[in-house]
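# Remarks on the overall topology
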Amino acid sequence: MQANKKITRHICPRNCFSSCGLLGVTSGEKLIKISGDPKHGYTKGKLCPKGFNYLNIVYHPERLKYPLRRKKNRNEWTRISWGEAIDIIAKKILELEERYGSHESLALNKYSGNFGVLHSAAEGFFNSLGKTTRTIGSPCWSAGLDAHYYDFGNYQTSDLRDLEHSKLIIMWGVNPTWTSIHALQYINSAKGKGALTMTIDPIYTETAKKSDYYIQVNPGSDGALALALAKVIIENGWESSDFIENYTIGWEAFKSYLSKVDLQYFCEQCGQAPETIKRLARLLVERSPLFIWTGFGLQRHANGGQNIRAINALAALTGNIGKKGSGSHFAQQITNKFPFAIMDYYAPGISPENNIRPVDINNFATEINNLKDPPVNFLWVSCRNLLSQTAERDSLIKVLKALEFIVVVDLFLTPTAKYADIILPTTTFFEEWDIVSSYWHHWIGINEPAIAPYYESKTELEIAQLLSKRLNELKQGSCHFPVEGTALDFIEEEFTEEIYKLLNISHWKQLLDGPRRANIPRTAWRNLKFTTPSGKFEFYSERAAQNNLPAIANYVEIVNKFENNYPYWLLTTHCQYSLNSQFLNIYSFKKINPEPIVYIHPSLASEKNIEHGSLVKIYNQFGETILKAHYSKDVAKHVLLYLDHNIVVNNLIPFHPTDMGKVCTGSNGIAFYDVFVNIEKV
Ligand SMILES: Nc1nc2c(c(=O)[nH]1)N[C@H]1C(S)=C(S)[C@@H](COP(=O)(O)OP(=O)(O)OC[C@H]3O[C@@H](n4cnc5c(=O)[nH]c(N)nc54)[C@H](O)[C@@H]3O)O[C@H]1N2
Ligand SMILES: Nc1nc2c(c(=O)[nH]1)N[C@H]1C(S)=C(S)[C@@H](COP(=O)(O)OP(=O)(O)OC[C@H]3O[C@@H](n4cnc5c(=O)[nH]c(N)nc54)[C@H](O)[C@@H]3O)O[C@H]1N2
Ligand SMILES: [Mo]
């Protein structure tokens, strides 16, 4: 490497399965190249199309450079200094405290723009003020997490190297070819060793196209499919008696429920012929170890948690748990043992138990509106593009317009930032220290800065420190977030003995030589000791019953009450060339997807007299939107597919909760994919 060049290590902090290792090459002051880090044992030096485009994010011509202040009642902003921005915000915080005698009129809405541990400085700052209004829950994975909590006690994943033992791999409501591309190398290698693959999805996805089998299931009907398979397996006596007897509870109750259900009804629900179910059931038992990967897409339905429980039950009754190459996998958090000390600067008398006035992140507009004593006047948005990613966009716009004061911390002037009074430009992960772990694989790494912060952008930590300093200057003792301390000091605090043991290192700086795999078994639930109250896999969960849920994995049909007016499902799933609302501004991606498209099956299109490429109106009782229609035989006739996660369709999506999520995330999830619409030519 030439004298003026240096290489730095990074971990992508996006909300994504892969949490990739990257290497940055800097020449002088400039980042000139980004590549995959071959020392990352899961991603192994490979990147996705977005990862290879990071230079185009870091140096994007539209990236925010300076703090901005909105001109009064206008959609225009003027550049201000950090001193001014921090002063305005600090004074507003103190003014509201004076007005209400508490900080509860301040609300924080933060989610997944950056999952690095030090990004919790925003939460740390809010904790250090006192009790504030905060979002709870998650728009992403809540129902699936709770399903695993009820069945297994918590959630774990196997190391994908375990796939070498699998004979059948089912990708059930997950589209890794787009959303988790690094998994493909393990899946392909398992195929080379003789494994067969199956995709179960309402869309004939790129993953389905690469699979040996594809089942086009009706949206929200996976419980019916899993239970139909379970019923046939039991009727044939193919269940694994040894596993059931020794490692589960509630088998009789589950079996008795299945003996009463009508196979024909389940088949109709999931859109499969009884013959298909019988063939599939045989395949499942013949090809053990069976590895099931249930995706996040699958659980974005009102019955999503129950459906995942039904799939878990299928894995259990066939003995496909804890055995190499088997399991039912969704996500894990067992490697994320960081104490999040950065959040631990509570104001006196404030603790995690009493620091929050909660609002559901998925029902944000309504719940913010309902809060009165005091009302919410001040909103802090970070790592979040509310307007693009939240349901009920129109109500949200009204709320944002009515709020007294909004701060947005982001890299770009997003649709949400356009409602802010103050916009604070922040650093990318190439400009800061951080720690990143994955919710899927078992590798953890340190992110070091490659370059100085872009123009005047600052890290989340620096912003918290500046504000704390100013607040204390204005009113001594008003904020308890430490004003001293570098990012490295805060990193030091996160590395406990437990983490060192988990990663088998003695100092975190060793992570600069490469990410480390957490020292946990390769196979999830290898010891067959479950963390449920019974210590067993629970077909029957007393805890579910206590939470007013069916104790066993019942199938609950999703009924479209407005079928006559709005007969089609609208699925707004995750896209290859974006990550939620991010990366949509990359110019080469824009060329691939120049405009928002709705995909429609040609036979429905011809019924509706819609030509390929023509404009259509998609509408329901909540709103309408005009899009261009493209024909696609990949979608079922009663499904419409929209992939571009920008602001265009969220006005059609109501807040409708999923059945589960409360235990693991604080509130139930959101049924983003139970949306019914109509379509017509304009
Ligand atoms: N219709 C529909 N809506 C959905 C979904 C769906 O499938 N359909 N999926 C849902 C799911 S699964 C999720 S997880 C949510 C995601 O919702 P969000 O977490 O809001 O989504 P993102 O678009 O990933 O990121 C939000 C913002 O973070 C910013 N950002 C990036 N890095 C940083 C940083 O370092 N600091 C700060 N302060 N900001 C940063 C980005 O520029 C972006 O504007 O959306 C949900 N919304
Ligand atoms: N490229 C890219 N990668 C990403 C993201 C991204 O936006 N783009 N987002 C990240 C985030 S935040 C998340 S949560 C994950 C999401 O990762 P995935 O779970 O893979 O993605 P989704 O698009 O939510 O859903 C996966 C599939 O579920 C299908 N599906 C919908 N309803 C049902 C159903 O009822 N039954 C079955 N069987 N299938 C159903 C959809 O058609 C879709 O093909 O990906 C992460 N990675
Ligand atoms: Mo997500």
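Owing to the predicted nature of the structure, the values given are computational and were not obtained by experimental measurement.

### Brief notes about the site of ligand 2
Inspection of the region around ligand 2 gives 34 residues, with T179, D201, G220, D222 and S578 positioned closest. With respect to ligand 2, the side chain of T179 contributes an N or O atom lying 2.7 Å from an oxygen atom. A distance of 3.0 Å separates a nitrogen atom of ligand 2 from a polar atom in the backbone of I200. Isolated, ligand 2 exposes 900 Å² of accessible area, and the fraction of that covered by the protein chains is 99%. Among the residues forming the shell around ligand 2, the class breakdown is 16 nonpolar, 14 polar and four charged.

### A look at the site of ligand 1
Among the 33 residues in the neighbourhood of ligand 1, the closest are listed as S112, R384, D410, S581 and Y673. Within the contact set of ligand 1, a nitrogen atom lies 3.3 Å away from a backbone nitrogen or oxygen of C383. Within the side chain of S581, an N or O atom sits 2.5 Å from an oxygen atom of ligand 1. Protein burial of ligand 1: of its 920 Å² of free accessible surface, 98% is covered by the chains. Of the residues contributing to the shell around ligand 1, the split by class is ten nonpolar, 18 polar and five charged.

### Things to note about helix α6 (residues 183–192)
Taken together, the buried positions of α6 are occupied by A183, L184, Y186, I187 and A190. All buried residues of α6 fall inside an arc of 160° around its axis, so they share one side. Count one or two residues on from α6 and you reach G194, which has phi positive near 105°.

### As for the sheet that holds strand β1 (residues 5–11)
Pairing in this open sheet of three strands is antiparallel, and the strands run β1-β2-β3 from one edge to the other. Each edge of the open sheet carries a strand with a single partner, namely β1 and β3 (30–36). Pairwise comparison of adjacent strand axes, ignoring direction, gives a mean angle of 25° for this sheet. The pairing of β1 with strand β2 (residues 21–27) spans seven bridges and is antiparallel. Directly across from T8, in β2, lies its bridge partner G24.

### Section: the packing of helix α4 (residues 142–152) against helix α13 (residues 304–317)
Relative to each other, α4 and α13 sit at 45°, their axes nearing to 8 Å. Judged by the angle between their axes, α4 and α13 are oblique. Read as a crossing pair, α4 and α13 show a hand that is right-handed. Together, A143, G144, A147, H148, Y150, D151 and F152 of α4 and G304, G305, I308, R309 and N312 of α13 make up the contact between the two elements. Split into classes, the residues belonging to the contact of α4 with α13 amount to five nonpolar, five polar and two charged.

### Concerning the pattern of salt bridges
Applying the stated rule across the entire model yields 29 salt bridges. Residue E595 is joined to K628 by a salt bridge in which the shortest nitrogen-to-oxygen separation is 3.0 Å. Taken together, the positions of E595 in the loop between α21 (587–592) and β23 (597–600) and K628 in strand β25 (residues 623–631) put the pair 33 residues apart, joining distant regions of the chain. Between K617 and E624 there is a salt bridge; the shortest N-O distance is 3.8 Å.

### Details of the packing of helix α8 (residues 222–235) against helix α10 (residues 251–260)
Packing of α8 against α10 leaves a shortest axis separation of 10 Å and a crossing angle of 100°. By the angle between their axes, α8 is roughly perpendicular relative to α10. On the side of α8, the interface is formed by L227, A230, K231 and I234, while α10 contributes W251, F254, K255, Y257, L258 and S259. Here the contact of α8 with α10 is built from residues that sort into seven nonpolar, one polar and two charged.

### Some remarks on the packing of aromatic side chains
Here the structure, examined in full by the defined rule, presents 46 aromatic pairs. Relative to Y439, the ring of F296 lies with its centre 5.7 Å away and its plane at 45°, an arrangement referred to as tilted. On the criterion of sequence distance, the pair formed by F296 in the loop between β12 (290–294) and α13 and Y439 in the loop between β18 (434–437) and β19 (443–447) is long-range, its members being 143 residues apart. A residue is classified by how much of its surface remains accessible, and F296, at 6% relative accessible area, is buried. Between the NZ or CZ atom of K617 and the centre of the ring of Y619, over which it lies, the distance is 4.9 Å.

### Concerning α4
The element α4 is largely enclosed, with a buried count of eleven among its eleven residues. Tucked into the core, α4 has its buried residues touching β12, α13, β13 (327–329), β21 (537–538), α20 (542–546) and α23 (662–665). Note on α4: the residue one or two positions beyond its end, G153, has a positive phi of about 105°.

### Digging into the pairing of strand β6 (residues 106–110)
For β6, a buried count of five out of five residues is recorded, marking the element as mostly surrounded by other parts of the structure. Burial along β6 is two-sided: the face carrying L106, L108 and K110 and the face carrying A107 and N109 are both buried. In this sheet, strand β15 (residues 378–382) lies alongside β6 in parallel orientation, the contact comprising five bridges. Bridged to A107 within β15 is L379. Direction of pairing for β6 relative to strand β7 (residues 132–136): parallel, over a ladder of two bridges. What sits directly across from A107, in β7, is T133. Handedness of the crossover is the feature at issue here: the chain leaves β6, passes through helix α3 (residues 121–127), returns alongside β7, and the resulting connection is right-handed.

Quick notes on the rules
- Residues numbered from 1 in each chain as written.
- Chains lettered and ligands numbered in written order.
- Predicted model: local features only at pLDDT ≥ 70, side-chain atom pairs only at ≥ 80, totals over all residues.
- Heavy atoms only, no water.
- Near = heavy atom within 4 Å.
- Polar contact = N/O pair within 3.5 Å; in protein donor to acceptor, adjacent residues only side chain to side chain.
- Areas by Shrake-Rupley, 256 points an atom, 1.4 Å probe, with all protein chains shown as cover.
- Nonpolar A, V, L, I, M, F, W, Y, C, P; charged D, E, K, R; others polar.
- Buried < 20%, exposed > 50% of the residue type's maximum accessible area, 1.4 Å probe, protein only.
- Helix = DSSP H or I, 4+ residues; strand = E, 2+ residues; numbered from the N terminus.
- Arc of directions from axis to C-beta.
- Pairing = 2+ DSSP bridges.
- Axes fitted to C-alpha atoms, helices over the stretch in contact; angles between N-to-C directions.
- Parallel < 35°, antiparallel > 145°, perpendicular 65-115°, else oblique.
- Left-handed = near helix turned anticlockwise from the far one by under 90°.
- Contact = heavy atoms within 4.5 Å.
- Salt bridge = Lys/Arg side-chain N within 4 Å of Asp/Glu carboxyl O.
- Phe/Tyr/Trp six-rings, centres within 6.5 Å; stacked < 30°, edge-to-face > 60°.
- Lys NZ or Arg CZ within 6 Å of the ring centre and 35° of its normal.
- Right-handed = clockwise from strand over helix to strand, strands pointing away.

Interpretation note: all reported values are geometric properties and have no functional meaning in isolation.
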